[in-house]
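Structural overview
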Amino acid sequence: MKAKNNTKVIYITILISLIFSIIPLPIALDAYRPNWALLVLCYWSMALPNRLGVLTAWLVGLLLDVLLGSVLGINAFALAMVIYVMVNNYQTIRNFSLWQQSLIIGLFTALYHLLVFWIQRFVFGVDFSMTYLIPVVTSASLWWVIFLLLRKIRRQFKVR
Amino acid sequence: MNPIFVEGFSSHRRMFLALVLSGAFMYSDHKLESFEVARAVMQSMVSPLQYLANAPKQFLDYTAENLVSRKQLMTENQRFQVNELKLKEKLLQMEILQQENDRLRKLLASPVRQDYKKMVAEILAVDSDPYSHQVVINRGLEDGLYEGQPVVDDHGVAGQILHVGVNNSRVLLLTDISHAIPLRIHRNGIRVIGKGTGSVNRMEVIHVPLSTDIQEGDLLVTSGLGGKFPEGYPVAKVTQVSANNFREFAEVAIKPLVKIDRLRYLLLLWPDPDNQPDANDASDSDSGEQQKGQG
């Protein structure tokens, strides 16, 4: 076993995903923005659940809260919840084929967005609109990109 | 390195910890005033990420600005000159009116209005929470910003400062669902409260009795009663009044004058002399937007 695990690579990819989740998009495309942070966290927690767990996800979510200007803890909680489910089922999910994984990721994203919506609803009384769930579709359909890309990165840099 | 034995009770405990932490953060962020300091620290910590995310757009803007044809520049220049002339003419009148106003106010023994410090801020193009209307600007504590500071643009009031970081801050826009602003109908001086609805070009006036004299097309200006926004800045126009007798209050829809989805430059105001920073890098942007002085 090597002493160095290249854990840095994980954090760099997470940072990049955070930047991608605040990068400005044209208004028409904005609602379609996939949930990059969630996808990247899902990959790492599935591939290396010993490196990245619920609390890391919570911290990333907190950063996301500050970046997006929402009430602190909302995204943190939702992300932690999703990663919690992921960490507890990673062995099953790893064995699924790519498109089955996409479905699971779609479910996770839906869980995430619904959790965020419910808390927002509880705090501010916002109304539901279907546009809040568009990222579910885009995230699920982009899972294969993230999966293949991050697997390549993981093997390239021998992250474990 | 034994991923098979990683899981166990520990992830449940961690989840429990995350739950407790989130609850504590949500509560303190929503309810406790003092938590603002922690928020400010975090806000400044993430500012490199925001500047980084803004970089591609800045680059594109820069190239777009540099690749303009001479003809375009000339027409633009001409337009600006015409505008400047018009504004200067208005300014001349304004000065005379202001003097007159000051004199009259002295006669009435009411305090003379002072012009306050202003500063231009640029919007950092970063995305925000889809549930709220906020923008991030490139000014912060270093420029003397404070929480609750009024923010306007050349059409009217845009919102107020929500969180201040060291060199970036967050502006809560008028149309956010949690934002309300004390207003006055310009025509007759009736005081109302304008509340955001979460939709970009619709706000509403709440708790207006059915008998209130409010009509479509009325201009609403800030009343200055809350103590946050200076008096007299235009905010919104009334678009629809439906006085349904079965309801307790009239439903009044108003439309903000500021184009919330097309903001680029904002003007920060320091109406409160106590909060004024040292006027070293004061901006030179007195646009036509000045106080529409009236008592």
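Residues numbered from 1 in each chain as written. Chains lettered and ligands numbered in written order. Predicted model: local features only at pLDDT ≥ 70, side-chain atom pairs only at ≥ 80, totals over all residues.

1. A short note on helix α3 (residues 36-47) of chain A
Residues and elements named next belong to chain A. Here is the rule: Note on conventions: DSSP H or I runs of at least 4 residues are helices, E runs of at least 2 residues are strands, and numbering of each starts at the N terminus. Expected helix span is taken as 1.5 Å per residue step, with the number of steps being one fewer than the number of residues. With C-beta atoms placed from the backbone, a residue is buried if 20 or more other C-beta atoms are within 10 Å of its own, exposed if 12 or fewer are, and partly exposed between those counts. Whether two residues are in contact depends on their C-beta atoms, placed from the backbone: they are in contact if these lie within 7 Å.
Taking 1.5 Å per residue, 12 residues should reach 16 Å; α3 reaches 17 Å between its end C-alpha atoms and fits that length. Within α3, 11 of the 12 residues are buried, which leaves it mostly tucked inside the rest of the structure. Within α3, the full set of buried residues consists of Trp36, Ala37, Leu38, Leu39, Val40, Leu41, Cys42, Tyr43, Trp44, Ser45 and Met46. In this structure, the buried side of α3 is in contact with α1 (7-22), α4 (54-68), α5 (74-94), α6 (98-124) and α7 (134-156).

2. Digging into the sheet that holds strand β5 (residues 169-173) of chain B
Strand pairing in a sheet relies on backbone hydrogen bonds. The paired strands run either parallel or antiparallel. Residues and elements named next belong to chain B. Quick reminder of the rule: Between any two strands, at least two bridges found by DSSP are needed for them to pair. Each axis is a line fitted through C-alpha atoms, and for a helix only the stretch in contact is used; angles between axes span 0 to 180 degrees, taken between their N-to-C directions.
As summarised here, the arrangement of the six strands in space is β1-β2-β5-β4-β3-β12, forming a closed barrel in which the pairing is antiparallel. Taken pair by pair, the neighbouring strands of this sheet meet at an average axis angle of 45°, ignoring direction. Relative to strand β4 (residues 157-164), strand β3 (residues 150-152) is paired through three bridges, and the arrangement is antiparallel. Opposite valine 152, over in β4, you have valine 157 as the bridge partner.

3. Some details on the pairing of strand β1 (residues 117-124) of chain B
For β1(B) and strand β12 (residues 265-270) of chain B, the ladder comprises six bridges, and the chain directions are antiparallel. Each residue of the ladder has a partner; that of Lys118(B), found in β12(B), is Leu269(B).

4. Digging into the environment of Ala18(B)
Take Ala18(B): it is sitting in helix α1 (residues 9-31). The class for Ala18(B) is buried, based on 26 C-beta atoms found within 10 Å. Ignoring any residue separated from it by four or fewer positions in sequence, one finds Ala18(B) in contact with Val54(A), Leu55(A), Trp58(A), Phe77(A) and Ala80(A).

5. Some details on the sheet that holds strand β7 (residues 191-199) of chain B
All names here are of chain B. Strand order in the closed barrel made by the six strands is β6-β7-β8-β11-β10-β9, with antiparallel pairing throughout. Mean inter-strand twist for the sheet, computed between neighbouring axes without regard to direction, equals 45°. In this structure, strand β9 (residues 219-222) lies alongside strand β10 (residues 234-242), joined through three bridges in antiparallel fashion. Among the inter-strand pairings, valine 221 is bridged to a residue of β10, identified as proline 234.

6. Describing the UniProt feature "transmembrane region" (unreviewed entry) in chain A
Residue and element names in this part refer to chain A. Counted only if it meets this: UniProt positions are given in the numbering used here, feature names are shortened, and annotations may be inferred rather than shown by experiment.
Those residues carrying the UniProt feature "transmembrane region" (unreviewed entry) are residues 9-29, 55-86, 98-120 and 132-150 in this numbering. Within the segment residues 55-86, helix and strand shares are 84% and 0% respectively, and the terminal C-alpha atoms sit 13 Å apart. A distance of 32 Å separates the end C-alpha atoms of residues 98-120, which is 100% helix and 0% strand.

7. A closer look at the nonpolar core
Definition in use: Definition of nonpolar core: a set of buried Ala, Val, Leu, Ile, Met, Phe, Trp, Tyr and Cys residues joined via C-beta atoms within 7 Å.
Judged by nonpolar contacts, the single largest core of 60 residues is most densely connected at Val40(A), Leu41(A), Leu79(A), Ala80(A) and Ile83(A). Breaking this core down by element, the ones donating at least two residues are α1, α3, α4, α5, α6 and α7 of chain A together with α1 of chain B. For Ala80(A), the contacting residues outside a window of four places in its chain are Val54(A), Ala57(A), Trp58(A), Gly61(A), Met15(B) and Ala18(B). Residues Leu162(B), Leu173(B), Leu220(B) and Val235(B) belong to the second largest nonpolar core, which totals 40 residues.

8. Details of the interface of chain A and chain B
Quick reminder of the rule: Under the scheme applied, nonpolar residues are Ala, Val, Leu, Ile, Met, Phe, Trp, Tyr, Cys and Pro; charged residues are Asp, Glu, Lys and Arg; polar residues are all the others, including Gly.
Taken together, the 36 residues of chain A in the interface contact 40 residues of chain B. Elements represented by at least two residues in the side of chain A that touches chain B include exactly α1, α2 (27-30), α4, α5 and α6 of chain A. When its residues are assigned to classes, the side of chain A that touches chain B shows 27 nonpolar, seven polar and two charged.

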